[in-house]
Each structure stands twice: as C-alpha cells, then as structure tokens.
Amino acid sequence: MIPIARPQLGEEEKRLVWETMESGLLAQGPRVREFEERFAELIGTSHGVATSSGTTALHLALLGYGIGPGDEVITVPFTFIASANSVLYTGARPVLVDVDARDFNMDPALVEAAITPRTRALMPVSLYGQPAQMDVLAEIAERRGIALIEDACQSHAASIGERRSGTWGAGTFSFYPTKNMTTGEGGMLTTDDGELAERVRLLREHGMKVRYHHDVVGWNFRMTDIAAAIGLAQIEKLDGYNARRREIAARYDAELRGVVTPYVRPGVTHVYHQYTIRVRERDAFAEALKARGVGSAIYYPIPVHRQTPFVALGYGSESYPVTELLTGQVLSIPVHPSLSEDEVTTVIQAVNATASELGTLEVEASRA
Ligand SMILES: Cc1ncc(COP(=O)(O)O)c(C=O)c1O
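As a convention, each chain's residues are numbered from 1 in the sequence order in which they are written. In keeping with the predicted nature of the model, local features appear solely for residues at pLDDT of at least 70, side-chain atom pairs appear and are counted solely at 80 or more, and the whole-chain, interface and lining totals rest on all residues. To obtain the side-chain values, all non-hydrogen atoms of the structure were included, while hydrogens and water were left out.

## Here's the deal with the side chain of Glu-205
Examined against the element boundaries, Glu-205 turns out to sit in the loop between helix H7 (194–204) and helix H8 (225–255). One polar contact links Glu-205 to Gln-28, side chain to side chain, over a distance of 3.1 Å. Contacts are assigned to residue pairs that have any heavy atoms within 4.5 Å of one another. Dropping the residues within four chain positions of it, Glu-205 is found in contact with Gln-28, Trp-219 and Arg-222. By definition, any uninterrupted DSSP run of H or I lasting at least four residues is a helix, any uninterrupted run of E lasting at least two residues is a strand, and each is numbered from the N terminus. Any pair of nitrogen or oxygen atoms within 3.5 Å is treated as a polar contact; in protein, a donor-acceptor pairing is required on top of that, and neighbouring residues in sequence qualify only through side-chain atoms on both sides.

## A closer look at the environment of Gly-161
With respect to the element layout, Gly-161 can be found in the loop between strand S6 (159–160) and strand S7 (163–164). The rule is simple: take the accessible area with a 1.4 Å probe, protein chains only, and divide by the maximum for that residue type; under 20% is buried, over 50% is exposed, in between is partly exposed. Judged by relative accessible area, Gly-161 falls into the partly exposed class, the value being 40%. Along the primary structure Gly-161 and Pro-266 are separated by 105 residues, whereas in three dimensions their C-alpha atoms are 8.9 Å apart.

## Quick notes on the nonpolar core
To form a nonpolar core, buried Ala, Val, Leu, Ile, Met, Phe, Trp, Tyr and Cys residues must be joined to one another through side-chain atoms within 4.5 Å. Grouped together as the largest cluster of nonpolar side chains are 31 residues, with contacts concentrated most on Ile-74, Phe-78, Val-111, Leu-122, Leu-137 and Leu-148. Contributions of two or more residues to this core are made by helix H5 (111–114), helix H6 (134–144) and helix H11 (321–327). In terms of residues, this core owes the most to one element, H6, which gives five residues. Counting residues in each nonpolar core, the second largest holds 24 residues, with Leu-256, Ile-277, Val-347 and Ile-348 among its members.

## Details of the sheet that holds strand S1 (residues 47–51)
Pairing between strands is defined by DSSP: at least two bridges between them are needed. The strand order across the open sheet formed by seven strands is S1-S9-S8-S5-S4-S2-S3, and the pairing between neighbours is mixed. Edge positions in the sheet fall to S1 and strand S3 (93–96), since each has one partner strand and no second. With direction set aside, neighbouring strand axes in the sheet form an average angle of 25°. Relative to S3, strand S2 (residues 72–75) runs parallel, the two being bridged by four bridges. Each residue of the ladder has a partner; that of Glu-72, found in S3, is Arg-93. Inter-axis angles, ranging from 0 to 180 degrees, are taken between N-to-C directions of lines fitted to C-alpha atoms, where helices are fitted over the stretch in contact. Where H7 meets the sheet, it contacts S1, strand S8 (170–174) and strand S9 (187–191), and its direction lies at approximately 20° from that of S1.

## Some words on H6
Every buried residue of H6 is accounted for by Met-134, Leu-137, Ala-138, Ile-140 and Ala-141. Along the axis of H6, the buried residues cluster in a sector spanning 165°; they form a single face. The inward-facing, buried residues of H6 contact H5, strand S4 (119–122), strand S5 (147–151) and S6. Positive phi appears at Gly-145, one or two residues downstream of H6, with a value of about 65°. As used here, the arc belongs to the directions running from the helix axis to the C-beta atoms.

## Examining the site of the ligand
Being near a molecule or strand, for a residue, comes down to having at least one heavy atom within 4 Å of it. Residues in close proximity to the ligand total 16 residues, the closest being Thr-55, Asp-151, Gln-154, Ser-174 and Lys-179. Between the ligand and Ser-174 there is a distance of 2.7 Å, counted from an oxygen atom to a side-chain nitrogen or oxygen. Method for areas: the Shrake-Rupley scheme with a 1.4 Å probe, in which residue coverage is limited to the protein chains shown. For the ligand, whose unbound accessible area comes to 380 Å², protein coverage reaches 92%. Considering every element that reaches the shell around the ligand, the biggest residue donor is helix H3 (residues 54–64), with three residues. Three residue categories are used. Nonpolar comprises Ala, Val, Leu, Ile, Met, Phe, Trp, Tyr, Cys and Pro, charged comprises Asp, Glu, Lys and Arg, and polar comprises the others, including Gly. Here the shell around the ligand is built from residues that sort into six nonpolar, eight polar and two charged.

## Some details on the packing of H8 against helix H12 (residues 341–358)
Contact geometry for H8 and H12: axes closest at 11 Å, N-to-C directions at 35°. Where H8 crosses over H12, the two elements pack in a sense that is right-handed. Every residue of H12 that contacts H8 at Arg-244, Glu-247, Ile-248, Arg-251, Tyr-252 and Glu-255 is listed here: Glu-341, Val-344, Thr-345, Val-347, Ile-348 and Asn-352. Looking at the contact of H8 with H12 residue by residue, the classes come out as five nonpolar, two polar and five charged. Handedness of a helix crossing follows the sense of rotation of the near helix relative to the far helix, less than a right angle counterclockwise being left-handed and clockwise being right-handed.

## Regarding the pattern of salt bridges
Close approach of charged atoms allows side chains with opposite charge to pair. Note on definitions: salt bridges are taken to be side-chain nitrogens of Lys or Arg within 4 Å of carboxyl oxygens of Asp or Glu. Scanning all chains against the criterion turns up 28 salt bridges. Where Arg-38 meets Glu-34, a salt bridge forms, and the shortest distance between an N and an O atom there is 3.4 Å. A residue pair is termed a helical-turn pair when its members lie 3 or 4 positions apart in one helix, as Arg-38 and Glu-34 do in helix H2 (residues 30–43) at four residues. Assessed through its relative accessible area of 26%, Arg-38 is described here as partly exposed. Given the relative accessible area of 36%, Glu-34 is considered partly exposed. One network of salt bridges, in which partners are shared, links Arg-33, Glu-36, Glu-37, Arg-201, Arg-204 and Glu-205.

Shape descriptors only; they carry no functional weight alone.
Listed below in structure tokens is the structure:
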C-alpha cells in the first residue's frame, strides 16, 4: 500500500538528537533558540517563538493579542478542528465564514459581513499548502483595525509572490510528523511584531521572565531541545522536500483524468502539504484506490460546525454550502517527497482507472 504520508528522518536528525541528549540539556534551551532563529529567517520574519504544537501556537497567538471572553474571531469551517478550538480555549467565539470552492480557503468576499463590533481577529487557514488570500485579508484587517492570525500549519514556505505564509500579522506552524517538515510534535509562531513575540514568550513559560517571578498566569507550551534538534535537521531539507512535492503535483496535474485537480492562484507557490482532488462517489473512490494499493485520506470528513462540541454550542443549524459540498468530494492522494516515480505512476493509474469506473466529476456544475 502506498501510504498517504511517510515522514523522512535520516542520519542528520539522529546525530543532532544524539548530541542534544549527550549535552544534558533536554528541555527548552539553546537548540530551541537556534531553531527559532533559523525558522524565522526561512519564513522572513524578525521573530519566531517555538511551541509544543501548532495548536498551542494558535492559542498563544490569540492570547498574545489579548483575545478573550466576549470577543469574536473569524475563521473557517473547512479546516482541522484546532483552528476553531484555539478560539474556544480563550473564551472567545469562533465566527465561521465559508471557503472558496476553487482554492478551499477563506472567501474574502464573505468576511466584511461577518465583522461585528466584537470582532478582534481574522484567522484564515492556508489549507493543503496554498496560502489563503493573505494580501486581500490583510487589507481588510488593517482597514477594520483587527488582528490577523494565519493558520499556516500546513503551508511551510508557501508564498504569494515573494512573500511567505506566516509573514502577515502572526503566522502559526505545526511540525506534526505528517507536515512538510517535522519535530515529532511542535509548533512555531512567526511575526514581525516584537511586542507580540515578547508576550507570547511570557505566556509560553508560566508568565515568567525572571526565574520563579510570575508576572501573569501563563502555560507550559514549550518545545524541547530534542524536538528542536530534529527541526534543525529538517529545516535544511524543507526546500528539497517542497520541490519534490511540487514535481509530483505537476505530474498529477498533467496526467490525472476525470477528477478535479487543485486550483493554484496565479503568483502563488503551493507547497502541496496535500494534493487534494475532488471526485464523484468519494467514499467508493477511496475504497477502489485502496483495492489498487493506493492510500488516501479525507481532510476533513466533518466540518467544524457539525462536530459534536460545536453542535452543542449551537453551531449545528448553520449552513456553509461550499464547505458542505467540498466535504463530500475531497480526497487527498499521496504526494509526500519519498514517493518514487513508479509509485507516482501507480497512483496516477489507480486514480484514472477509478475515475473511469465511477464517472467524471462535472467541474463547472460543482463550482457553485
Ligand atoms: C490547519 C491546521 N491547524 C492547526 C493544526 C494543529 O497543529 P498540531 O497538530 O501541531 O497541534 C494542524 C495540524 O494538524 C492543522 O493542519
């Protein structure tokens, strides 16, 4: 079976982890500091603050902007649950706006109508490795005087023109093992705002600048030096990994038939955290791929507003037509950099054979 993800760790990771273990400094220390500097440099921001996960990076970004009970944060229903959950953790209310059917990301045309006097931030998600329309959203956020937090957990080194995901307002990244680069578990907040970075550092460490002097109530959301050691090795490989993902995606774009392949906005560098197609008879499609030895995955089978805790909070009756349409059609196929050319060919043959069995998805009709 060709798996949907295959983390690649090698000798360099082993060496740096071993050196870290021998150093005796295991928790947050010099390697975390170095990783923060290197990652911020890679993304193009003046600050990087490493965290224990992408979820805690999102949580800290919101807290860093002082968001809490009574506030609203605009995000999308078509995402991993962490985007919306991080808003709930602060006591604020996630307000959902639908996504664009072409790029799967927040539809900027719907944002203004969702802004109320309580709105404190926009939190678009750069899903599957393609940046949301950050330039358009930044203009809205600036004009309306609200913060901008990009959930860039899936878009490491993706860009709009020369500008990378994570450089508008605050960016948050995840280094979960299936991501374009990993630290095992881990996350990072990137920003040019020095004061925000300072507050987030404080909140990450129990509100402590001077040892055992706690200025505010904070958390332990630190990354370990062992995780940062893996990250330092992975950072060197990210460009190569992303180039390989893009190469595989280009073959899929050219050779897949009968399915809707990903739309890439002009001027955007998509880093294909996922290569997500839209198909007819999606669940049968996934089964047929499996029978042909090709793994696939549905990101995400249930949108945020239909998840049990959100239904309990009263979101169940809300309707997001594009999200609901996509939820029934999307299927991600393997695009990880360790795929061989033969494996890529197998995936292409399996998708094309399945599409000819189950029928072609009518693209225009589905792009309501
Ligand atoms: C869009 C999105 N947001 C947030 C997260 C949360 O990251 P983590 O799993 O590192 O907490 C993820 C990762 O799974 C994600 O894909």
